[in-house]
Amino acid sequence: TTQASKSPLQFVRVTRPDGGEIWPVGQTVPIRWRTDASGGNQTVEILLVRTGEPEFQRELVSPTPNTGQWDWTIPADLQAANDYQITVIRTDDRRLLDSSDHAFAITLPTHNYYVNVADDLDLSDNDYTTAQGSDENDGLSPDAPKASIRGVLEAYDLEAGDVIYVDVG
């Protein structure tokens, strides 16, 4: 149709987290969004929701400047779960909102990450891991290592003192 290629004049779009992220308690992570209106007096409200618990909703900040990013330090009182989403709402028109496309996980605090190559068939010579690596794993334990350092870096916001244990291979 003639309207098929047209973008909406007013919008909000959450870009991070968008699903699959694993964020440990205590880390500071960026929440990012795009919108047609930013700067000036524009503000947004940011909510944390759980897809598995429709009644769970926590206001993270309101209002905050509509700059496209807000840094969130994940509080220790959040339950570890893999069904969290972020919702960003424009405060000038609450009908303009968006949520993460898919759920992300919040885990217990950690400073250790594990990597082993995917084709490590002989685990007997491993120093750190007890399983083959896969970037589908969370990389937070020896029995669920990521397959690459890149997989760890893409999933987590590492801080000073964090350790990546890379096994043979």
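Residues numbered from 1 in each chain as written. Predicted model: local features only at pLDDT ≥ 70, side-chain atom pairs only at ≥ 80, totals over all residues. Heavy atoms only, no water.

## Overview of the overall build of the protein
Okay, so step 1: Check the secondary structure of the protein and you find one helix and 11 strands.
Okay, so step 2: Sequence-ordered secondary structure for the protein, helices as α and strands as β, is β-β-β-β-β-β-β-β-β-β-α-β.
Okay, so step 3: Along the first, second and third principal axes, the C-alpha set of the protein runs to 60 × 45 × 30 Å.
Okay, so step 4: The buried share among the 169 residues of the protein stands at 42%.
Okay, so step 5: Residue pairs in contact within the protein that sit at least 24 positions apart in sequence constitute 59% of those at least 6 positions apart.
Okay, so step 6: With an accessible surface of roughly 9300 Å², the protein has 48% of that area assigned to carbon and sulfur atoms.
Okay, so step 7: Distance between charge centres in the protein, computed from 12 positive and 28 negative side chains, equals 13 Å. (Helix = DSSP H or I, 4+ residues; strand = E, 2+ residues; numbered from the N terminus. Buried < 20%, exposed > 50% of the residue type's maximum accessible area, 1.4 Å probe, protein only. Contact = heavy atoms within 4.5 Å. Areas by Shrake-Rupley, 256 points an atom, 1.4 Å probe, with all protein chains shown as cover. Lys, Arg positive; Asp, Glu negative; His and termini not counted. Charge placed at Lys NZ, Arg CZ, Asp CG, Glu CD.)

## A few points about the packing of aromatic side chains
Okay, so step 1: Taken as a whole, this structure holds seven aromatic pairs when the rule is applied.
Okay, so step 2: Seen in terms of ring centroids, tyrosine 113 and tyrosine 156 are 4.8 Å apart; in terms of plane orientation they differ by 45 degrees. Their pairing is tilted. Taken together, the residues span a long stretch of sequence, with tyrosine 113 in strand β10 (residues 112-115) and tyrosine 156 in the loop between α1 (149-155) and β11 (163-166) at a distance of 43 residues. The two residues tyrosine 113 and tyrosine 156 agree in class, both being buried.
Okay, so step 3: In textbook terms, an aromatic cluster arises when at least three aromatic residues are bridged by ring pairs, as seen for Trp23, Phe56, Trp72, Tyr84 and Phe104.
Okay, so step 4: The residue whose ring lies beneath arginine 50 is tyrosine 84, and the NZ or CZ to ring-centre distance is 5.2 Å. (Phe/Tyr/Trp six-rings, centres within 6.5 Å; stacked < 30°, edge-to-face > 60°. Lys NZ or Arg CZ within 6 Å of the ring centre and 35° of its normal.)

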